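Examining the three-dimensional arrangement
The primary structure of each chain is shown beneath.
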Amino acid sequence: MKKLVLALLVLLFTFSLAACRSEQEVLYVLNWGEYMDEDVLALFEETHNVRVVYTEVGSNEAMEVQIRLNTTPFDVAIPSDYMIDKLRQSNLLHPIDHSLLPNLASVNFIDRARLIFEDEPWADYMIPYFWGTIGILYNTSNPAVIEAIEAEGFGALFNPNSTFRRGMYDSPRDAIAAALLHLGYNVNTTSESELAEAEALLRNANFDLFGEDNLKREVIAGNLDMALVYSGDYFDELFAAEEDEREVTFNFYAPQTTNVWIDGFVIPTTAQNIELAHTFINFFLDVDNQVANSEWVGYTPVIQEVFDIMVNDLGFDDPVYFPYPEGTTRYVFRFISQQHDQKLSDILNRVRLP
Amino acid sequence: MKKLRALSFPYVMWMSLTIVLPMALILLVAFSDLNIFRLGSFTFTLEGFSVLRSPVITTAIRNSFRFAFIVTALCFLIGYPVAYLLARSTSRHKTLFVTFLILPVWSNMLLRIVAWERLFFPNSILNMFGISLNLIGTDLAIIIGMISMYLPFMIFPIYSVLDKMDQALIEAAIDLGASRVKTFFKVTLPLSFGGVVSGVIMTMLPAMTAFALPARLSGGRTLLIGNIIEDYFMRTANFNAGSIVSLVMMVLMIVLYLWILRFDKEGETLI
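Given the structure is predicted, the values throughout are model-derived calculations rather than measurements. (Residues numbered from 1 in each chain as written. Chains lettered and ligands numbered in written order. Predicted model: local features only at pLDDT ≥ 70, side-chain atom pairs only at ≥ 80, totals over all residues. Heavy atoms only, no water.)

**Some thoughts on the domain arrangement of chain A**
Residues and elements named next belong to chain A. Inclusion rule: Domain delimitation in this document rests on an assignment produced automatically or drawn from a domain database. Any two residues having at least one pair of non-hydrogen atoms within 4.5 Å are treated as being in contact. In short, buried area is how much 1.4 Å probe accessible area vanishes from two parts on joining, totalled over both. Throughout this description, the term salt bridge denotes a Lys or Arg side-chain nitrogen within 4 Å of a carboxyl oxygen of Asp or Glu. Counting of polar contacts relies on pairs of N or O atoms within 3.5 Å, with two restrictions inside protein: one atom must be capable of donating a hydrogen and the other of accepting it, and residues adjacent in sequence are counted only when both atoms are side-chain atoms. Here a strand is any run of E in DSSP of at least two residues, a helix any run of H or I of at least four, and the numbering for each starts at the N terminus. Throughout, the ten residues Ala, Val, Leu, Ile, Met, Phe, Trp, Tyr, Cys and Pro are labelled nonpolar, Asp, Glu, Lys and Arg are labelled charged, and all others, Gly among them, are labelled polar.
Assigned domains within chain A: domain 1 (23-130 + 261-321) and domain 2 (132-260 + 329-350). Placing a centre on the C-alpha atoms of domain 1 and another on those of domain 2 gives a separation of 25 Å. Listed per partner, the contact involves 24 residues of domain 1 and 27 residues of domain 2. Buried area between domain 1 and domain 2, both sides added, is near 2,100 Å², and the carbon and sulfur share of it is 56%. Applying the counting rule to domain 1 against domain 2 returns four salt bridges. Residues R334 and E120 are paired through a salt bridge, measuring 3.2 Å at the closest nitrogen-oxygen approach. Run the count over domain 1 and domain 2 and you get nine residue pairs in polar contact (both at pLDDT 80 or more). For the side of domain 1 that touches domain 2, the element with the highest residue contribution is helix α4 (residues 81-89), accounting for five residues. Classifying every residue of the side of domain 1 that touches domain 2 by side-chain character gives 11 nonpolar, five polar and eight charged.

Listed below in structure tokens is the structure:
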């Protein structure tokens, strides 16, 4: 008898839980690690009485695979420029319906950021989220490191005779782009000889660590002297350090010529809830929400109104916070072909051969 | 008995669903140009196998075998004496010792990998004791990490065989005039071979396919075949090439497995 009662109770409990859940709509979001404030997410859930199922990946390529696999019906994803174009060309994206984004009318995108996507064929498939560059995060405890970076720029990272401990992003696009930029080539080159030069440069550099989000932590911990990172990685850590009142022993170097990237919300064809996906995007076009989110994430927002508040009121007045200052040269990654992507991936694997 | 056989039906179904079907898919994708994301017509081709000529893949396969052999050998050299002492121990704390050996296996493997990673960096908690290991990126880091992960899997099969071994056989050998050393090599060791074979299989196979461990402990500098397969499936979405490499690894491991089994004449393997 006791067992029967217990079994019934368990059954009742399960059903009541299931009932709770089924009342709420579910939104599946695919994003990078540490790229959205969970409090802002919770606010969205509360405001719209929905549940957000949130998945994190470490690269654009991993994001692409997740969307192609379609094992989770993602409603919103946040890839970068070239990946948005690739997904669009593979017919994996729904165009964004601007009539479902009322907040769009009350915000302006920063001119320099808008120029990146405005005239692109993928502009109708995305709403920009954050933008930034790649550069070098370095530990400032050793004056020789600062000297080397100020004198050589990207060269400090690639110097084969360097005695500094250096880390490289384990992302074929970004690693090879840094090498190409140092050599003075276009980041989108398909020239075999230029790519071969970049490969040799990466190989001879003999990096101590190939990583992703861990690079910034190891630079700050002093296990690396410098590493290639995204600009936002620096701000993320800078404001975390200021908040904890830790001494800031690291800095970011943005070269005169580097790439500029822009990440945007997209709605993959896997989406089951297109309207809610738009509601989600609209939520992040709200200035207050995006200010709160930007403060946590650390990357540079694309909305002018948000950017102004960050700089004027919240102390984000660091000169490198704006990723595309007047007088600098910035390249944007382009999707060339799947074969080209595989070629880049092969290069970054080959440079690790003994 | 026949009635009981019906009970195995769910298990057989489950097995075919989760093992046989995926294997068939891997075979199909490896030997054809089928696009797994856009199922449609396809042709059988061996073209994809040209990826095996890539130095990245041959090096990764070589690395995987090298680390698996070194780690298995060291696990055996460390594990056998431990298992022997444990089995022969008459201490009333014997169960406690065994528990201590199992304990690490209960914590998440990724957690243990990250713990080693933290210790192997030049700046770590060990600096308090004036030690700075700076092992990240070395082969030694991978070997130490792997041994710590897989050692229990070597010890336990050997321990359980030694523990159950008939003591009368050893007494008989000694009574008949064999020295302790000779008894060990002529009686104990051959009788525990089943356990050794299980231990070798349970250590070598996971060591060969590890990918999170080498990725973290080598600082992303040493590629094992597990990393290549992960790359194909999770980053370049090249399922055909990924399947081919997986298939080759499976065939190599089956060959190795059959070769190891030949040493186990009694067929006493625990698996």
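From this point, the narrative continues.
**Here we look at the interface of chain A and chain B**
Residue-level contacts link 32 residues of chain A with 27 residues of chain B. A salt bridge links R235(B) to D170(A); its shortest N-O distance comes to 3.7 Å. In this assembly, chain A and chain B are joined by 15 residue pairs in polar contact (both at pLDDT 80 or more). Elements supplying a minimum of two residues to the side of chain A that touches chain B: α3 (60-69), β7 (209-211), α10 (214-221) and α15 (338-350) of chain A. Of the residues contributing to the side of chain A that touches chain B, the split by class is 10 nonpolar, 12 polar and 10 charged.

**So, helix α8 (residues 180-191) of chain B**
The periodicity of an α-helix, 3.6 residues per turn, causes residues three or four positions apart to be oriented the same way. Residue and element names in this part refer to chain B. Heads up, the rule is: Helix span, as expected, comes to 1.5 Å for every residue beyond the first. Only protein chains enter the area calculation, which uses a 1.4 Å probe; residues under 20% of their type maximum are buried, those over 50% are exposed, and those in between are partly exposed.
Counted at 1.5 Å a residue, the expected span for α8 with its 12 residues is 16 Å, and the 15 Å between its end C-alpha atoms agrees. By the burial criterion, the buried members of α8 are T183, V187, T188 and L189. For α8, the secondary structure elements touched by its buried residues are α3 (55-88), α6 (139-164), α7 (167-175) and α9 (193-209).

**Looking at the nonpolar core**
Within soluble globular proteins, side chains that are nonpolar tend to cluster in buried spots. Just so we agree on the cut-off: Grouping buried Ala, Val, Leu, Ile, Met, Phe, Trp, Tyr and Cys residues that are joined through side-chain atoms within 4.5 Å yields what is termed a nonpolar core.
Core analysis: the largest hydrophobic core is formed by 184 residues, its most contacted members being F158(A), F265(A), F280(A) and M146(B). Shared between two domains, this core holds at least three residues of each, these being domain 1 (23-130 + 261-321) and domain 2 (132-260 + 329-350) of chain A. Not counting chain neighbours up to four residues away, the residues in contact with F280(A) comprise L27(A), V29(A), M36(A), L41(A), F44(A), V76(A) and F265(A).

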